[in-house]
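Observations on the model geometry
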There are 2 protein chains.
Amino acid sequence: MSCRLGGGGITVVVVRTPTELTTAFRERGLKVTPQRQLLFRLLHANPTHPTAEALFATASEQMPGISLRTVYQTLNDLAAMGELRVLLFAGGSTRFDPNVSDHHHAQCDRCGELHDVYVDRLEALTVAGFDGFVAERASIVFSGLCAACSKLSNHPNQ
Amino acid sequence: MSCRLGGGGITVVVVRTPTELTTAFRERGLKVTPQRQLLFRLLHANPTHPTAEALFATASEQMPGISLRTVYQTLNDLAAMGELRVLLFAGGSTRFDPNVSDHHHAQCDRCGELHDVYVDRLEALTVAGFDGFVAERASIVFSGLCAACSKLSNHPNQ
DNA sequence: TGCTAATTCGCATGAGTTGCAGATTGGGTG
DNA sequence: CACCCAATCTGCAACTCATGCGAATTAGCA
Ligand SMILES: [Mn+2]
Ligand SMILES: [Mn+2]
Ligand SMILES: [Zn+2]
Ligand SMILES: [Zn+2]
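Because the structure is predicted, anything quoted here is derived from the model rather than measured. (Residues numbered from 1 in each chain as written. Chains lettered and ligands numbered in written order. Predicted model: local features only at pLDDT ≥ 70, side-chain atom pairs only at ≥ 80, totals over all residues. Heavy atoms only, no water.)

Some details on the coordination of the manganese ion (ligand 2)
All names here are of chain B. For the manganese ion (ligand 2), the full set of protein donor atoms is His-49 (NE2), Asp-97 (OD), His-103 (NE2), His-105 (NE2) and Asp-116 (OD), and the range of their distances to it is 2.0 to 2.3 Å. For the manganese ion (ligand 2), all donor residues lie on one chain, and their spacing in sequence is H-x47-D-x5-H-x1-H-x10-D. One end of the pair, His-49, is in the loop between helix H2 (34–43) and helix H3 (52–62); the other, Asp-97, is in strand E3 (residues 95–97), and 48 residues separate them in sequence. (Donors = N, O, S within 2.8 Å, 3.2 Å for Na, K, Ca; no water. Helix = DSSP H or I, 4+ residues; strand = E, 2+ residues; numbered from the N terminus.)

As C-alpha cells, then:
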C-alpha cells in the first residue's frame, strides 16, 4: 500500500484537563500530590506521545528531585484509570498517550515521530483469517515518512 | 468497532523453506551451521509467532547446549535479510514471524494467542490526520477474544 | 491539630536483549 | 585431503527499561 494521509474528517479528541484528573483521583480515594499535579499539566494536550524518561526530564526542570519512580507510578495509575493509553513501538521504551480518543498512529521511519491519525469506517474492511475471532478493537500503525522527512528525501541536496 | 473475522479471501503465505534459507545465507557469505539449520527448521511454517526464549527451549531439546545468544543472533540475521518479521506486543518479549507475507494480526485478550489476519483493500480506508505523511505500510492489530476463549465466556459455567 | 493510609523516593531487583572475547568450525583453497 | 581463517558459537558481563520494596514523608479527613 502507499497512500497520502490528508486532512479533513471529524476528530473528536478526548483529553482530560488537570482539574478533571484531580477530581478523578480524589473520587477513587487517591491523593493529589504536587508531583501528580505537575504530571497532569505536562500531559494535558501533549501531542508528543512522550516516554516516561521524557516526562521525567521535563518534570525535573520544574520540580528538581522528583523521582522517575513516581513518574512511572502516576503514569501507571492514569493508564489503569483509562485516562492514558500505553503505546508500544519498535525502538525502546513505552510511550504514553493522553489522547484517549479512538485513534491510530503514523510513525516516521526516519525521525521516529508519532502522529495521530483518525480512521473512519474501519468496520468496512474485508478481513480474512482466523475464523471465530471476535474483534473488539483495532489498532493501526502506518509507517513511512512524515511531511518534513518526505521533503528532505525529495531534494537531491540532502 | 466490533466485527467477526471470517474465513475466505486469498491468503498468499510467503515462508522460506530451510533449503531456501540455506541458499540465501551462503549467497551473502554467511555460514550455515547446524544451529542455524535447526532454527530454519523450527521456524518453517511455524504459526505460533514464537519468542526467542520459546525457540531456544525447543531447540535445546534437539540440540542440548545450543546457546540463547546464538538463537538471538540467527533471528536478527534473518530479520536483517527480510526473511523474518519482528513483532512487538504488550506483555514482554519480542515475537518473530516467519510469515513475511503482507498480513496483520489478531491477539486474544484472554489467552494472548496471536493469529494471522489478511486484510483486503486497506487503501480504501478513510484516514484523516497529519497532512503530508506518506504512508508506505500499515500494520493492524485486532484485539478481542479468539474462538476458543469466546466460547468459554458465553457459557455461564466457566 | 493529629492521625493514618497513601505516596514518594532511592535503591535493589528483574526481564529481555546485546556486547565482548576466547574457543571452535564451515567451507573455500592448494 | 589437509590447511587456513573469517565467521560463528558460547558464556558471561553489561545494558536498558521497568517494577518491588521499605523507611521517611505527606494529603486529606476527623
Ligand atoms: Mn496518539
Ligand atoms: Mn503473522
Ligand atoms: Zn520524519
Ligand atoms: Zn484466546
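Some details on the protein's contact with DNA strand C
What surrounds DNA strand C is a group of 19 residues, the closest being Thr-33, Arg-36 and Thr-70 of chain A together with Tyr-72 and Thr-94 of chain B. If you look at DNA strand C and keep only atoms within 4 Å of the protein, 67% of those are sugar or phosphate atoms. In the environment of DNA strand C, a phosphate oxygen lies 2.9 Å from a nitrogen or oxygen atom belonging to the side chain of Arg-26 of chain B. The side chain of Arg-69 of chain B places a nitrogen or oxygen atom 3.0 Å from a base oxygen of DNA strand C. For the surface near DNA strand C, the secondary structure elements donating two or more residues are helix H2 (34–43) and helix H4 (68–80) of chain A together with helix H4 (68–80) of chain B. At three residues, H4 of chain B tops the list of elements feeding residues into the surface near DNA strand C. Among the residues making up the surface near DNA strand C, the classes are represented as five nonpolar, eight polar and six charged. (Near = heavy atom within 4 Å. Polar contact = N/O pair within 3.5 Å; in protein donor to acceptor, adjacent residues only side chain to side chain. Nonpolar A, V, L, I, M, F, W, Y, C, P; charged D, E, K, R; others polar.)

A word on the packing of aromatic side chains
Residue and element names in this part refer to chain A. As enumerated under the stated definition, the model contains two aromatic pairs over all chains in all. Relative to Phe-40, the ring of Phe-25 lies with its centre 5.0 Å away and its plane at 65°, an arrangement referred to as edge-to-face. With Phe-25 in helix H1 (residues 18–27) and Phe-40 in helix H2, this pair connects stretches of sequence that are 15 residues apart. Here Phe-25 falls in the buried class, since its relative accessible area comes to 0%. (Phe/Tyr/Trp six-rings, centres within 6.5 Å; stacked < 30°, edge-to-face > 60°. Buried < 20%, exposed > 50% of the residue type's maximum accessible area, 1.4 Å probe, protein only.)

A word on H3 of chain B
Because the α-helix completes a turn every 3.6 residues, residues three or four places apart line up on one side. Residue and element names in this part refer to chain B. Taken together, the buried positions of H3 are occupied by Ala-52, Leu-55 and Ala-59. Burial along H3 is one-sided: seen end-on, the buried residues are contained in an arc of 65°. Buried residues belonging to H3 abut H2, H4 and E3. (Arc of directions from axis to C-beta. Contact = heavy atoms within 4.5 Å.)

Let's talk about the packing of H2 of chain B against H4 of chain B
Residues and elements named next belong to chain B. It is at 10 Å that the axes of H2 and H4 come closest, and there the two elements cross at 65°. Of the possible angle classes, the one that applies to H2 and H4 is roughly perpendicular. Read as a crossing pair, H2 and H4 show a hand that is right-handed. In contact with Gln-35, Arg-36, Leu-39, Phe-40 and Leu-43 of H2, H4 contributes Thr-70, Val-71, Gln-73, Thr-74, Leu-75, Asp-77 and Leu-78. Split into classes, the residues belonging to the contact of H2 with H4 amount to six nonpolar, four polar and two charged. (Axes fitted to C-alpha atoms, helices over the stretch in contact; angles between N-to-C directions. Parallel < 35°, antiparallel > 145°, perpendicular 65-115°, else oblique. Left-handed = near helix turned anticlockwise from the far one by under 90°.)

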